[in-house]
Amino acid sequence: MRGVVQGVGFRPFVYRLAQEEGLAGFIGNDTDGVTIEIEGAPERIESFRSRLRAEAPPLSRIDSVTFREVLPKQEKEFRIIASEVHGQVSTGIPADAATCPDCLRELLDPADRRYRYPFLNCTNCGPRFTITRRIPYDRPQTSMARFKMCLACQAEYDDPASRRFHAQPNACWECGPRLWLAGADGVEIPSADPVAACIDRLVTGEIMAIKGIGGFHLSVDATKEDAVTRLRQRKHRYGKPLAVMVRDLDAARALCELTAEEQSLLNTPARPIVLARARFNSGIASSVAPGIPWLGIFLPYAPLQHLLFADTRVRALVMTSANLSEEPIAIDNDEARDRLANVADAFLLHDREILQRCDDSVAAVVDGAPQLIRRARGFVPLGIPLPFDSPPLLAVGGHLKNVFTLARGRFAYQSQHLGDLENITGLDFFRESLAHLMHTFQIEPGFVVHDLHPGYLSTSWAKEWAAERNLPLIAVQHHHAHIVACMAEHSLEGPVIGLSLDGTGYGTDGRVWGGEVFIARRDGPDPASFERFAHLAYVPMPGGEAAIREPWRMALGHLHAAGYNVESPEILSLVGATAQEARIVRRMIERGLNAPLTSSLGRLFDAVAAVVLKRREVDYEAQAAIELEGCAIDESDDTSPYAMPITGSDLKRHIPARITLQLLWEGILEDLRDGVSQAQIAARFHSAIATALIQAASSARSATGIAAVALSGGCLHNRRLARLLREGLEREGFEVFRHKQVSPGDGGLSYGQAVVAAAILRKRKAES
Ligand SMILES: [Zn+2]
Ligand SMILES: [Zn+2]
């Protein structure tokens, strides 16, 4: 059996099943899963087979089962064998899982010996990845090693009939980790009930740093405007939305309008933060998520969090990663005291060490299906299937929202979300996580895969690391990696029409790509190749990277390219720029100084948001685009899109078509003059983009006969755009493929890099 079947209580489950069916044989771990041998009466074996899937433990995931008959051995009993069965043992570490219903019942049951114990867990729940130092996943290799189990816990651990049989972090009041309160100076404040003391402080508006599963959270009462504002000021985080934790689904429904899919996503064992439509007047402070109609909400996933919400005084808590701006999340008690002394008013600490930093995951239901925005706690390090065998390799990902991938055999292991690789702290986190995952899965990469961009820190790091180890390098184009990631999730060999839509990626012509229509293949003739069929017309990005933080620059770049005089009074007032700013930008563009050309769709969103919403600057990447999407949320699709004609395309001469933007800008400016609402302009803009891309896909189909479309890139986080594209493409008879387990944004990039590299290596091998 392949899938997530190790460290999730699978062997004891199969043991119990075999006992109940009166079957003999054995079960053992092997490289990618488990091997089971079973012997007994045919009808019993049949029943065993069907129950295997139907009753599998909640945290397991069965990807495939292969059956083979062997000669009976006249065995009498069923055994769990510790040694390997086939090939190299890879006892992967499971992901951290939310407190299960059985443990929750015990936690709140005054008669239970673990009543209100903040660290209870069992085989079906609890920390895994974040407390494990190395494989095999056994207690001595985890940060639970220093806690010696008491007799009662040990008895459960040894009993195959117990829910805590081989539950590595098993603990109780008697023998396990403890919790305490500390002041801002880190000194313990004696308290009989640290949880109650923490709540006393939260309800008076204090900022608490609470040690969790994958790191510290900074927490305040989410209904208190002044507390939230104080947290933002101290954390130097101004615009970016903050996540809110609530007691249960009922409480979540009171804050947000939730679809059935969103409710089940909130309730999965990974307990991601889910971005959902916020209700008006729900009592949540408006500074929690300013300027957007969504709220990031999640449910308690650790016993300590359940204890906080067991108190009726607590309704909704801001729970945000404890760090300053873009630093990695703090995990160590001393580290937290050092880094957060000026942010938190007090600390809730414990003595179970966190060995792997892991932020909360972020997801959303986009066009009816769950989509990961940030893949971290609860998902890492679960293997993602690969479409074919890969040699051991490392793909380092991109620049922003970095995630690396280690591939081997039929699985890719993605790191947790590591954040932006812009400085040494980010790179340290990258190194720390890489060493841990290489060790965990015993993967020694034979190849290093990186982005084409020569300036990325990840690229220069990859080159250095490969040189030290004498390993060959493979470079993969950014948008090609996005599309191949989506293809690989569906085992597509291609060719497909790939719509690769995002903010920034280095093109083969040295320009900044991001609004791309590809003809993409995974395999031959050259797996590294793709055809650029069409792209958004190039416009200048005045100031380079500065244009990302200051959308007014992008707006002037676009308007200049569309033929407008950017120093005219009308344009100045539209964009909110001074005459001097416009003059400097015009000179930059005309002299080609620090004004790289881009075909980015993300930057077009920024420019339109700058003009329509008067959003001059942003606090985080894509803020303007997100606000533009939010602004259109209640508009119907029945709007006449702006015209975006496509010109010139010659596949034979490798000249891509260009999606032109002059008429789009003419239309937007005319609507603004006519007093058309922001919401309607935003909706018409979304429709225009979708219509133009669908037209480009149709031309690509006419030229090639290909009718499959893969959608990828960070712009696919935009629900309205994702839905319009899928609906429109299906109406035109296309088959549409979207991401499932991997993020469409840059978090999914390294998975695509790994697949492109594996395809190249497979081809080389076949040829030699
Ligand atoms: Zn449990
Ligand atoms: Zn105990």
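The following paragraphs examine the structure supplied in this document. Quick caveat: nothing in here was measured; it's all calculated off a predicted structure. (Residues numbered from 1 in each chain as written. Chains lettered and ligands numbered in written order. Predicted model: local features only at pLDDT ≥ 70, side-chain atom pairs only at ≥ 80, totals over all residues. Heavy atoms only, no water.)

**A look at helix 20 (residues 662-673)**
Put simply, the rule is: Helix numbers and strand numbers start at the N terminus; a helix is a DSSP run of H or I with at least 4 residues, a strand a run of E with at least 2. Given the number of residues in a helix, its expected span is that number minus one, multiplied by 1.5 Å. Buried residues are those whose accessible area, probed at 1.4 Å on protein chains only, stays under 20% of the maximum for their type, while exposed residues exceed 50% and partly exposed ones sit between those limits. For this analysis, residues touch if any pair of their heavy atoms sits within 4.5 Å.
Taking 1.5 Å of rise per residue, 12 residues should cover 16 Å, and helix 20 covers 17 Å from first to last C-alpha, within 8% of that figure. Taken together, the buried positions of helix 20 are occupied by Leu-664, Trp-665, Gly-667, Ile-668, Leu-669 and Asp-671. The secondary structure elements touched by the buried residues of helix 20 are helix 15 (551-561), helix 16 (569-575), helix 18 (601-612) and helix 21 (678-704). Remark: Gly-675 follows helix 20 within two positions and exhibits a positive phi of approximately 75°.

**Here's the deal with the pattern of salt bridges**
Rules: Only one rule defines a salt bridge in this text: a Lys or Arg side-chain nitrogen within 4 Å of an Asp or Glu carboxyl oxygen.
Tallied over the full model, the rule gives 50 salt bridges. The partner of Glu-21 in a salt bridge is Arg-44, and the shortest N-O contact between them spans 3.0 Å. Taken together, the residues span a long stretch of sequence, with Glu-21 in helix 1 (residues 10-21) and Arg-44 in helix 2 (residues 42-54) at a distance of 23 residues. As a salt-bridge pair, Glu-156 and Arg-114 come within 2.7 Å of each other at their nearest N and O atoms. Of this pair, Glu-156 sits in helix 4 (residues 151-158) while Arg-114 sits in the loop between helix 3 (101-107) and helix 4, and the two are 42 residues apart along the sequence. Residue classification places Arg-114 among the buried residues on the basis of a relative accessible area of 2%. One continuous salt-bridge network, built from bridges that share partners, spans Asp-102, Arg-105, Glu-106, Arg-113, Arg-114, Glu-156, Arg-163 and Arg-164.

**Concerning the coordination of the zinc ion (ligand 2)**
Angles at a metal have ideal values that depend on geometry: 109.5 degrees with four tetrahedral donors, 90 or 180 degrees with six octahedral donors. To be explicit about the condition: Note: metal donors comprise N, O and S atoms at 2.8 Å or less from the metal (3.2 Å for Na, K and Ca); water molecules are not included, so apparent gaps in a site are possible. Geometry is assigned from donor-metal-donor angles: four donors are tetrahedral when every angle falls between 85 and 135 degrees, four are square planar and six octahedral when opposite donors sit over 155 degrees apart with all other angles between 65 and 115, and any other arrangement is irregular.
Within the protein, the zinc ion (ligand 2) binds to Cys-150 (SG), Cys-153 (SG), Cys-172 (SG) and Cys-175 (SG); these donor distances fall in the range 2.2 to 2.3 Å. Coordination at the zinc ion (ligand 2) comes from 4 donor atoms whose angles at the metal span 103 to 116°, giving a geometry best classed as tetrahedral. For the zinc ion (ligand 2), the single-chain donor residues occur in sequence as C-x2-C-x18-C-x2-C. Residue Cys-150 is found in the loop between helix 3 and helix 4, and its partner Cys-172 is found in the loop between helix 4 and strand 6 (179-183); the two are separated by 22 residues along the sequence. Relative accessible area serves as the criterion here: at 14%, Cys-150 is assigned to the buried category. For Cys-172, a relative accessible area of 2% gives the class buried.

**Describing the packing of helix 18 against helix 20**
Quick note on the threshold: To obtain an axis, a line is fitted to C-alpha atoms, over the contacting stretch when the element is a helix, and the angle between two such axes runs from 0 to 180 degrees between their N-to-C directions. Roughly parallel covers angles under 35 degrees, roughly antiparallel covers those over 145, roughly perpendicular covers 65 to 115, and oblique covers all other angles. It is the rotation of the near helix from the far one that decides the hand of a crossing: anticlockwise by less than a right angle makes it left-handed, clockwise makes it right-handed. Polar here means any residue outside two lists: the nonpolar Ala, Val, Leu, Ile, Met, Phe, Trp, Tyr, Cys and Pro, and the charged Asp, Glu, Lys and Arg; Gly therefore counts as polar.
Relative to each other, helix 18 and helix 20 sit at 20°, their axes nearing to 11 Å. By the criterion of interaxial angle, the relationship of helix 18 to helix 20 is roughly parallel. Considering only the axes of helix 18 and helix 20, their crossing is right-handed. For the pair formed by helix 18 and helix 20, the contact residues are Leu-604, Ala-607, Val-608, Val-611 and Val-612 on the first element and Leu-664, Trp-665, Ile-668, Leu-669 and Leu-672 on the second. Its residues assigned to classes, the contact of helix 18 with helix 20 comprises 10 nonpolar, no polar and no charged.

**Quick word on the coordination of the zinc ion (ligand 1)**
Donor atoms from the polypeptide that bind the zinc ion (ligand 1) are Cys-100 (SG), Cys-103 (SG), Cys-122 (SG) and Cys-125 (SG), placed at 2.3 Å. Relative to the metal, the 4 donor atoms surrounding the zinc ion (ligand 1) lie at angles of 102 to 120°, and the coordination shape comes out tetrahedral. Sequence spacing of the donor residues for the zinc ion (ligand 1), all on one chain, is C-x2-C-x18-C-x2-C. Here the residue Cys-103 occupies a position in helix 3, and Cys-122 occupies one in the loop between helix 3 and helix 4, the gap between them amounting to 19 residues. Classification of Cys-122 as buried rests on a relative accessible area of 0%.

**Digging into the pairing of strand 29 (residues 708-712)**
The following threshold applies: Any two strands between which DSSP finds at least two bridges are classified as paired. Consider the strands pointing away from the viewer: the crossover is right-handed when the path from the first strand over the helix to the second runs clockwise.
Across the 5 residues of strand 29, 5 count as buried, placing the element largely inside the fold. Side-chain alternation along strand 29 places Ala-708, Ala-710 and Ser-712 on one buried face and Val-709 and Leu-711 on a second face that is also buried. In this sheet, strand 29 lies alongside strand 22 (residues 496-506) in parallel orientation, the contact comprising 4 bridges. Of the residues in strand 29, the one forming a bridge with Gly-498 is Ala-710. Viewed along the sheet, the connection from strand 29 through helix 22 (residues 719-731) into strand 30 (residues 735-737) turns out right-handed.

**Let's talk about the sheet that holds strand 21 (residues 473-476)**
Taken in spatial order, the 4 strands line up as 19-18-20-21 in an open sheet, and their pairing is mixed. Only two strands of the sheet have a single partner each, and these edge strands are strand 19 (405-414) and strand 21. Between one strand and the next, the sheet's axes are offset by a mean angle of 60°, whatever the strand orientation. As paired elements, strand 18 (residues 383-395) and strand 19 share 7 bridges and run antiparallel to each other. Among the inter-strand pairings, Leu-393 is bridged to a residue of strand 19, identified as Ala-407. Along the sheet face, helix 12 (residues 457-469) touches strand 18, strand 20 (448-451) and strand 21 and points at about 160° away from the line of strand 20.

**Some points on the packing of aromatic side chains**
Put simply, the rule is: What counts as a ring pair is set by centres within 6.5 Å for rings of Phe, Tyr and Trp (its six-membered ring), and what kind of pair is set by the plane angle: stacked under 30 degrees, edge-to-face over 60, tilted for all other angles. For a Lys NZ or an Arg CZ to count as sitting over a ring, it must be within 6 Å of the ring centre and within 35 degrees of the ring normal.
Scanning the entire structure with this criterion turns up 14 aromatic pairs. Relative to Phe-119, the ring of Tyr-117 has its centre 5.7 Å away and its plane inclined at 65°; by these criteria the two rings are edge-to-face. On the basis of relative accessibility, which here comes to 1%, the residue Tyr-117 falls in the buried class. Exposure remark for Phe-119: the relative accessible area of 4% places this residue in the buried category. Between Trp-461 and Trp-465 the ring centres are 5.4 Å apart and the planes differ by 25°, which places this aromatic pair in the stacked class. On the criterion of helical spacing, the pair formed by Trp-461 and Trp-465 is a turn pair, its members being 4 residues apart in helix 12. Note on accessibility: Trp-461 and Trp-465 belong to one class, buried. Here a set of aromatic residues connected by ring pairs shows up, and it is made of Phe-404, Phe-430, Trp-461 and Trp-465. For Arg-532, the ring lying beneath its charged end belongs to Trp-513, and the centroid distance is 3.7 Å. The ring of Phe-734 carries the charged tip of Arg-701 above its face, separated from the ring centre by 3.9 Å.

**Re the side chain of Glu-37**
Defined as follows: Here a polar contact is recorded for every N or O atom pair within 3.5 Å, except that within protein the pair must consist of a potential hydrogen donor and a potential acceptor, and residues adjacent in sequence are included only if both atoms are side-chain atoms.
When you line up the elements, Glu-37 lands in strand 3 (residues 33-39). One polar contact links Glu-37 to Lys-73, side chain to side chain, over a distance of 2.9 Å. Setting aside chain neighbours within four positions, we find Glu-37 in contact with Ala-24, Gly-25, Phe-26, Val-70, Lys-73, Glu-75 and Phe-78.

**Describing the pairing of strand 18**
As paired strands, strand 18 and strand 20 are joined by 2 bridges and run parallel to one another. Bridged to Ala-395 within strand 20 is Val-449.

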